[in-house]
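Each chain, written out:
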Amino acid sequence: MALLSIRNLSVDFATAAGSFRAVDAMDVTVDPGEILAIVGESGSGKSVAMLALMGLLPWTATVTADEMSFDGQDLRAISPRTRRRIVGKDIAMIFQEPMSSLNPCFTVGFQIKEGLKKHLGLDARARQARALELMEMVGIPDPARRLNAYPHQMSGGMSQRVMIAMAIACRPRLLIADEPTTALDVTIQAQILDLLTDLQAETGMALILITHDMGVVAETARRVSVQYAGQKVEEQQVGPLFARPHHPYTSALLAALPERATTRILPTIPGVVPGQFDRPRGCLFAPRCAFADETCRTTPPPVQPPEIGRARCHYPLMQEGRG
Amino acid sequence: MIRYLLARLLTFLPTFLGVTLISFAFIRVLPGDPIIVMAGERGMTEERYAELYRQFGFDQPLVVQFWTYLTGVLQGDLGTSYVTKRPVWDEFFALFPATLELSLCAIIFAIAVGLPAGVIAAVNRGKFFDRALMSTALVGYSMPIFWWALLLIIIFSGNLGWTPVSGRIDLLYYFPQVTGFMLIDSALSGQNGAFASAVRHLILPTIVLGTIPLAVIARQTRSAMLEVLSEDYIRTARAKGLSPLRVNGLHALRNAMIPVITVIGLSVGTLLAGAILTETIFSWPGIGKWMVDSIFRRDYPVVQGGLLLIASMVMIVNLTVDILYGFINPKIRARK
């Protein structure tokens, strides 16, 4: 049975200019112990979907879904109080900006131990021991001293390690990493990704990695879901996706990787993700797609069968490599 | 920390000198002559006037008068009241506890109500409670204090008879001053009902004096909380599954306290100096009333000394606030 199963998730934000759909009919399935990457550019609704799962969206957001269940429990039906017993314990999340994600007023140790007390009910001595163990697990030198440090006394990479320690404190079964390396130096990025995959292998938790970096996807994930303008446009195992992308958007993303460039100037995808007021009638990618015709511009595309990567496209690409 | 404290204390010196100069100049700019006021309707002879004129040192140039005053102040001598012939220092400290007691009660009342109200309003932003509270706060802030005091007196003292109209305690009770704080002294006296009487006398002045700080604190808390609630670390705290009470009341409020502490500090300053209206309306024997009387009598030493002491109190409160910043936010401590 799937650990996490989300079907037809939509999130709308009430704005001054009317309602804005940030996530549109998104499906996510994660099996226990799996690594799923959700890829897409800024504004494609990746983070919002995960925040909706965590129940962390502001009150202006309306969340609807046909199914949203974790470990067989329907997350739509439970009270906020019951959800708080799952969130932070069985599902944990780390964020893009480690420096601002830690509370400047409290020591690192205090912030790690908070969850241990709330979810596991450990006493002070057990909390201290577990906090030290966690700091060692995430590779922080001199953990006993670091527990008494305040966030402003630490670097970005160190802060992200603390965030990870905090997230895995109660041995979650699903960890959501929302662009965990975007704000960090390139050398630190690799360390943090290695740490995440090592911890995943060690603890057997499932990992959802949200990123816009195809390089990160290739290194870490097993299955990839490509997201565009709030919709899932393609989903495949990582190998086949890189070899045979079926959606023109996936193909264009891959073509933009420096490693794959054949010309001196990197290929780009012209235009931007559609916003609140310029949402196309047909395929959402049609205005930027090299292959779009009249059908694409007027009719929303069907979802292709799993063999064709569930591509949301009228004319999925079928040949090897670039379309 | 010690070095920071010493540095801050050094900055007190120019402020102190400035206040001394301004209070000295201010009272002399006012038209009126203290000797004529003392003489009252009876008047006095030319010789007696000249004698007093010399005695108070008015025949000296202003610079010399100021120098004499300043050297006195630096040796702890604030002068003697022209009217009561008692040292300014003694008069001030006989009356100051009454003002301090009232100010403390008012600020505690303002914090106890304003802080939670601001937090609840921020958490329920845009909803009914928020709108109702913010409108009430605006009314409280703009209301003339004397009118508000009279309204409360009419309702609670006049119509309902629940609270006394003026004074600090019923005349039935007599006991020695130990601390100068009526609440403590009445409790120490062991007399039946004395403490309750002191409390009942405090209620209305406390509410009246606390109303404006209450409105300011509630509004400041709300806006500071709104800012903090959108921070990433609040999302982190919620992602840990913590209860709303802990997220809002601990993680958010602690960060929102810096601007709130600032307005609380400023409020305490204005309370000490600005209790004048409230003290006058409720016949509260504090320094506010004392200062007003002294200004009317042109009692130069009292006005000068009183202003100086009040300014010193305000400076001390400000310093305390600065030290508190560091305790609340370790980042500020590090910068010092």
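Quantities reported herein were computed from a predicted structural model and do not represent experimental measurements. (Residues numbered from 1 in each chain as written. Chains lettered and ligands numbered in written order. Predicted model: local features only at pLDDT ≥ 70, side-chain atom pairs only at ≥ 80, totals over all residues.)

### Some remarks on the overall build of chain B
Reasoning step 1: Across its full length, chain B carries 15 helices and zero strands.
Reasoning step 2: Principal-axis analysis of the C-alpha atoms gives chain B an extent of 85 × 55 × 40 Å.
Reasoning step 3: Looking at the 336 residues of chain B, the share that counts as buried comes to 35%.
Reasoning step 4: Sequence-distant contacts, at least 24 apart, represent 73% of the contacts inside chain B between residues at least 6 apart. (Helix = DSSP H or I, 4+ residues; strand = E, 2+ residues; numbered from the N terminus. Buried ≥ 20, exposed ≤ 12 C-beta atoms within 10 Å, placed from the backbone. Contact = placed C-beta atoms within 7 Å.)

### What about the overall build of chain A?
Reasoning step 1: Each helix and strand in chain A was counted, giving 12 helices and 11 strands.
Reasoning step 2: Here the C-alpha radius of gyration of chain A, 21 Å, is about what a compact globule of 323 residues would show, namely 20 Å.
Reasoning step 3: In terms of overall dimensions, chain A has C-alpha extents of about 65 × 45 × 40 Å along its principal axes.
Reasoning step 4: Out of the 323 residues belonging to chain A, those deemed buried represent 45%.
Reasoning step 5: Restricting to contacts in chain A with at least 6 residues of sequence separation, those with at least 24 account for 65%. (Rg over C-alpha atoms; globule rule 2.2 N^0.38 Å.)

### Digging into the packing of helix α4 (residues 108-120) of chain A against helix α5 (residues 124-137) of chain A
All names here are of chain A.
Reasoning step 1: Running from N to C, α4 and α5 point in directions that differ by 120 degrees, and their axes come no closer than 10 Å. Relative to α5, α4 is oriented oblique. Between α4 and α5 lies a crossing whose hand is right-handed. On α5, the residues that touch G109, I112, K113, L116 and K117 of α4 are R127, R130, A131 and L134. (Axes fitted to C-alpha atoms, helices over the stretch in contact; angles between N-to-C directions. Parallel < 35°, antiparallel > 145°, perpendicular 65-115°, else oblique. Left-handed = near helix turned anticlockwise from the far one by under 90°.)

### Some points on the interface of chain A and chain B
Reasoning step 1: Listed as interface residues are 22 residues of chain A and, on the opposing side, 20 residues of chain B.
Reasoning step 2: For the side of chain A that touches chain B, the secondary structure elements donating two or more residues are α2 (80-86), α3 (98-101) and α4 of chain A.
Reasoning step 3: Considering each element in turn, the side of chain A that touches chain B owes the most residues, four residues, to α4(A).

### Quick word on the UniProt feature "transmembrane region" (unreviewed entry) in chain B
Residues and elements named next belong to chain B.
Reasoning step 1: Within the UniProt annotation, "transmembrane region" (unreviewed entry) is assigned to residues 12-30, 92-120, 132-156, 198-218, 256-282 and 302-328.
Reasoning step 2: End C-alpha to end C-alpha, residues 92-120 measures 41 Å, and it is 100% helix and 0% strand.
Reasoning step 3: Within residues 302-328, the helical portion is 100% and the strand portion 0%, while the C-alpha atoms at the span's ends are 39 Å from each other. (UniProt positions renumbered as here; feature names shortened; annotations may be inferred.)

### Quick look at the UniProt feature "domain: ABC transporter" (unreviewed entry) in chain A
Reasoning step 1: This chain's UniProt record puts "domain: ABC transporter" (unreviewed entry) on residues 6-254 of chain A.
Reasoning step 2: Taken end to end, residues 6-254 of chain A is 41% helix and 27% strand, and its first and last C-alpha atoms sit 27 Å apart.

### A few points about the pairing of strand β11 (residues 231-237) of chain A
Residues and elements named next belong to chain A.
Reasoning step 1: Buried residues dominate β11, accounting for six of its seven residues.
Reasoning step 2: As defined by bridge partners, strand β10 (residues 223-228) adjoins β11 across six bridges and the pair is classed as antiparallel. Residue V224 lies in a different strand from β11, and its bridge partner there is Q236.
Reasoning step 3: Counting the residues that bridge the hairpin from β10 to β11 gives two residues, and of these A229 lies at a positive phi of roughly 50 degrees. (Pairing = 2+ DSSP bridges.)

### Regarding the environment of B:W147
Reasoning step 1: When you line up the elements, B:W147 lands in helix α7 (residues 145-159).
Reasoning step 2: The spacing of B:W147 and B:V208 is 61 residues in sequence and 9.8 Å in space, taken between C-alpha atoms.

### Topic: the nonpolar core
Reasoning step 1: Membership of the largest hydrophobic core comes to 160 residues, with the highest contact counts inside it found for A:A165, A:L174 and A:I208.
Reasoning step 2: With 18 residues, helix α9 (residues 194-229) of chain B is the largest single contributor of residues to this core.
Reasoning step 3: Ignoring anything within four residues of it in the chain, the contact list for A:L174 reads A:L3, A:L4, A:V30, A:D90, A:I91, A:M205, A:A206 and A:I208. (Core = buried A, V, L, I, M, F, W, Y, C linked by C-beta atoms within 7 Å.)

### Here we look at helix α10 (residues 232-239) of chain B
Residue and element names in this part refer to chain B.
Reasoning step 1: Most of α10 is tucked away, with six of its eight residues classed as buried.
Reasoning step 2: Listed in full, the buried residues belonging to α10 are Y233, R235, T236, A237, R238 and A239.
Reasoning step 3: Just beyond α10, the residue with positive phi is G241, at close to 80 degrees.

### So, the sheet that holds β11(A)
Residues and elements named next belong to chain A.
Reasoning step 1: In space, the six strands of this open sheet follow the order β7-β8-β9-β3-β10-β11, with mixed pairing throughout. On the outer flanks of this sheet lie β7 (91-94) and β11, each paired with one strand and no other. Taken pair by pair, the neighbouring strands of this sheet meet at an average axis angle of 15 degrees, ignoring direction.
Reasoning step 2: Bridging between strand β3 (residues 35-39) and β10 involves four bridges; their strand directions are parallel. By the bridge assignment, A37 is partnered in β10 with V224.
Reasoning step 3: Packed on one face of the sheet, helix α7 (residues 156-167) meets β7 and β8 (174-178) and runs near 175 degrees to β7.

### A word on the confidence of the model for chain B
Reasoning step 1: Residue-level pLDDT values for chain B average 85, and 98% of them are 70 or greater.
Reasoning step 2: Averaged over each element, pLDDT in chain B is lowest for helix α15 (residues 330-335) of chain B (67) and highest for α10(B) (93). (pLDDT = per-residue confidence, 0-100.)

### A look at the environment of A:A129
Reasoning step 1: The residue A:A129 is located in helix α5 in this model.
Reasoning step 2: Separated by 16 residues in the primary sequence, A:A129 and A:K113 place their C-alpha atoms 9.9 Å from one another.

### A look at unusual backbone geometry
Reasoning step 1: Although it is not a glycine, A:A229 sits at a positive phi angle of roughly 50 degrees.
Reasoning step 2: Here A:A229 is to be found in the loop between β10 and β11.
Reasoning step 3: Look at A:A229 and you get buried, because 24 C-beta atoms sit within 10 Å.
Reasoning step 4: A positive phi angle is found at B:S283, which is not glycine, with a value near 45 degrees.
Reasoning step 5: Along the chain, the position of B:S283 falls in the loop between α12 (276-281) and α13 (287-296).

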